[in-house]
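Structural overview
If you want the building blocks of each chain, they are given just below.
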Amino acid sequence: LNGARAQRRTLAHLSQIEVMNRALGDMSALDYSFELMLNEKDPLTREKFREKILASEPDCIRDTEVDFLFDLLDYSDNDVIDKDDFQPSAYKG
């Protein structure tokens, strides 16, 4: 790796860490996102999830943080959050 490429990768990783830190640091948004998932009968799409999170009027949440929370809850990686995401067979790894 040359210096410039390593620096770009490091900056990209730092940016990702910053998004995770902000998203997980706002516990009200995290709590609300879990509550949403548990109370929804229909699967939540990314856009529906975003609308509901923003409707809760969080202190300050960015689109990247909403996307991070959605991806965190979408265990089955099928672009929807539903009850199946929380079955043991849905876990990646």
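Here goes a summary of the coordinates provided.

Here is what the cut-offs are and how they apply
Residues numbered from 1 in each chain as written. Predicted model: local features only at pLDDT ≥ 70, side-chain atom pairs only at ≥ 80, totals over all residues. Heavy atoms only, no water. Patch = residues over 30% accessible without salt bridge, like charges linked within 9 Å, V, L, I, M, F, W, Y side chains within 5 Å. Areas by Shrake-Rupley, 256 points an atom, 1.4 Å probe, with all protein chains shown as cover. Salt bridge = Lys/Arg side-chain N within 4 Å of Asp/Glu carboxyl O. Helix = DSSP H or I, 4+ residues; strand = E, 2+ residues; numbered from the N terminus. Buried < 20%, exposed > 50% of the residue type's maximum accessible area, 1.4 Å probe, protein only. Core = buried A, V, L, I, M, F, W, Y, C linked by side-chain atoms within 4.5 Å.

This part covers a nonpolar patch on the surface. Judged by side-chain polarity, Leu11, Leu14, Ile17 and Met20 come together as a nonpolar surface patch covering roughly 370 Å² of accessible area. Of note, Met20 is situated in helix H1 (residues 3-25). The exposure class of Met20 is partly exposed, given its relative accessible area of 33%.

Let us now look at the nonpolar core. Listed in full, the 12 residues of the largest apolar core are Val19, Leu36, Leu44, Phe49, Ile53, Ile61, Val66, Phe68, Leu69, Phe70, Leu73 and Ile81. For this core, the secondary structure elements donating two or more residues are helix H3 (46-55) and helix H4 (63-73). Ranked by residues supplied to this core, first place goes to H4 with 5 residues.

A positive phi angle, close to 55°, is found at Asp77, a residue other than glycine. Position of Asp77 among the secondary structure elements: in the loop between H4 and strand E2 (80-81). One non-glycine residue, Asp79, lies in the positive phi region at around 65°. In this fold, Asp79 is placed in the loop between H4 and E2.

Any functional reading would require information beyond the geometric quantities listed.
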